[in-house]
Amino acid sequence: MSDDSVPLALPLLRLAAGISEVTTLYSELRKPLLRYLVCLGLTSDEAQDVVQDAFLSLQRHLASNGTQENIRGWLFRVAHNQARNRQTSYHRRFGEPLDGEMDFLADDATPEQRVLEKEKFRHLAAAIRLLTESERGCLLLRAGGLRYREIGEVLGIATSTVADTVERGIKKLAEKCNV
Amino acid sequence: MCDVQEKLIAWLDHELPTDESAEVQRHIEGCKQCRTRLVGYEKVSETFDVYCDVVMAAKTRRRVPRWVPVLAGAVAAVAVMFLTFPRTRIEPPPILPTTTAASVPVPAQPTPETAPRKTIHRRHAVAPVHVRAAKWQPRETAVQIAIPAEAIFPPGAMPKGMNFIAELSIAPDGSVKQVRLWQ
């Protein structure tokens, strides 16, 4: 191997390692990201597009030697910002009544169980509509498995604020759902 | 009201520092009211999680248009009919030997005798089509062409009036298999 081939090979190796890392992250985080975006109010197609864009941005970020600290939070933040840019109304779809769509919830359940299940989700949907945007965002990211610190980074708020917001949101839901 | 009540959800999420977490743990073990609250918060968290899955499944499910299953059923029905009823047997026309105006009469080639057909009891309707296609071979033909010597050699090189006969064997795929040239 000649001396001048080393500087050429190094970026290629780095690029290959970056692609492999992105692939691993994609298989791990695609579904949580999709779920977050769909619950945020995007359609399934819009969410797919946003996830693709977010991972392309991640690829560019890693290729340009960007920071690799808290990649999960970084991805959620990018996806969150893109979702906000696409939405004309934040409350457009989240919390829509799910009547007629929950028939597949429990195919093996008895009709009684299905009615109870529907009722439970109807109460929860009504309670979710009463949450503030921040509370809803915190709870969605929490449900996606993010730590309070990561949630704070995604939403641009302090970790202590996230803790308070999550507590407030959960208590509201518990109260409205009579738990 | 308990002092640790405000830390219950953070404790549930493992977000408290170690010392505070231990303190809350001790309190929960001795406080029935906080244990009940904790169970409620856990239940709400789980229901919220399931609700998110339901929303995602519902929106993903709606992506498939209603006409897709109908079209898929129609395509399947056509495919079944196509496979069930075999196509009409089409025998390829025999390839007859062709001759040019300049050709000399060719002795008739003995045509291979076709064996009398047997009645085959078919168990599967589709398989015999492939068997027939694999066994069928068109007859090999030969073409003889008379070529004047002047057309091959320069004038004067060969005596006048001399002809050559070229015999071409045609392969089943239409290509020339063999060329024999004699005087």
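Please read all numbers here as calculations on a predicted model, not as lab measurements.

Thresholds, definitions, all that
- Residues numbered from 1 in each chain as written.
- Chains lettered and ligands numbered in written order.
- Predicted model: local features only at pLDDT ≥ 70, side-chain atom pairs only at ≥ 80, totals over all residues.
- Helix = DSSP H or I, 4+ residues; strand = E, 2+ residues; numbered from the N terminus.
- Contact = placed C-beta atoms within 7 Å.
- Buried ≥ 20, exposed ≤ 12 C-beta atoms within 10 Å, placed from the backbone.
- pLDDT = per-residue confidence, 0-100.
- Expected span 1.5 Å × (residues − 1).
- Nonpolar A, V, L, I, M, F, W, Y, C, P; charged D, E, K, R; others polar.

A few words now on the overall build of chain B. When its secondary structure is counted, chain B shows six helices and three strands. Counting helices and strands in the order they occur from the N terminus, chain B gives α-α-α-α-α-β-α-β-β. A fraction of 56% describes how many contacts in chain B between residues 6 or more apart in sequence connect residues 24 or more apart.

This brings us to the overall build of chain A. Looking only at helices and strands, one finds seven helices and zero strands in chain A. Residues classed as buried in chain A amount to 32% of the 179 residues present. Sequence separation of 24 or more characterises 71% of the internal contacts of chain A that already satisfy a separation of 6 or more.

This part is about the confidence of the model for chain A. All names here are of chain A. Residues of chain A with pLDDT of at least 70 account for 77%, and the chain-wide mean is 80. Segment residues 1-8: pLDDT under 50, and zero contacts once partners within four positions in sequence are set aside and those in other chains are kept. Ignoring residues within four places in sequence, the model shows residues 95-100, a span with pLDDT below 50, making eight contacts including any to other chains.

With that settled, consider helix α7 (residues 159-176) of chain A. Residue and element names in this part refer to chain A. Its 18 residues give α7 an end-to-end C-alpha distance of 26 Å, which sits within 8% of 26 Å, the value for a rise of 1.5 Å per residue. All of the buried residues in α7 are Val162, Ala163, Thr165, Val166, Glu167, Gly169, Ile170 and Leu173. Backbone geometry just downstream of α7 places Asn178 in the positive-phi region, at approximately 55°.

Between chain B and chain A, the contact holds 21 residues from the first and 25 residues from the second. Where the side of chain B that touches chain A is concerned, the elements lending two or more residues are α1 (8-12) and α3 (32-61) of chain B. A per-element tally of the side of chain B that touches chain A places α3 of chain B first, with 16 residues. Looking at the side of chain B that touches chain A residue by residue, the classes come out as eleven nonpolar, four polar and six charged.

Residue and element names in this part refer to chain B. Summing up the model confidence of chain B, the mean pLDDT is 74 and the portion of residues at 70 or higher is 64%. Confidence scores differ between elements of chain B, with helix α5 (residues 127-135) showing the lowest mean pLDDT of 49 and α1 the highest of 94. Both confidence scores are given for the complex: pTM 0.58, ipTM 0.76.

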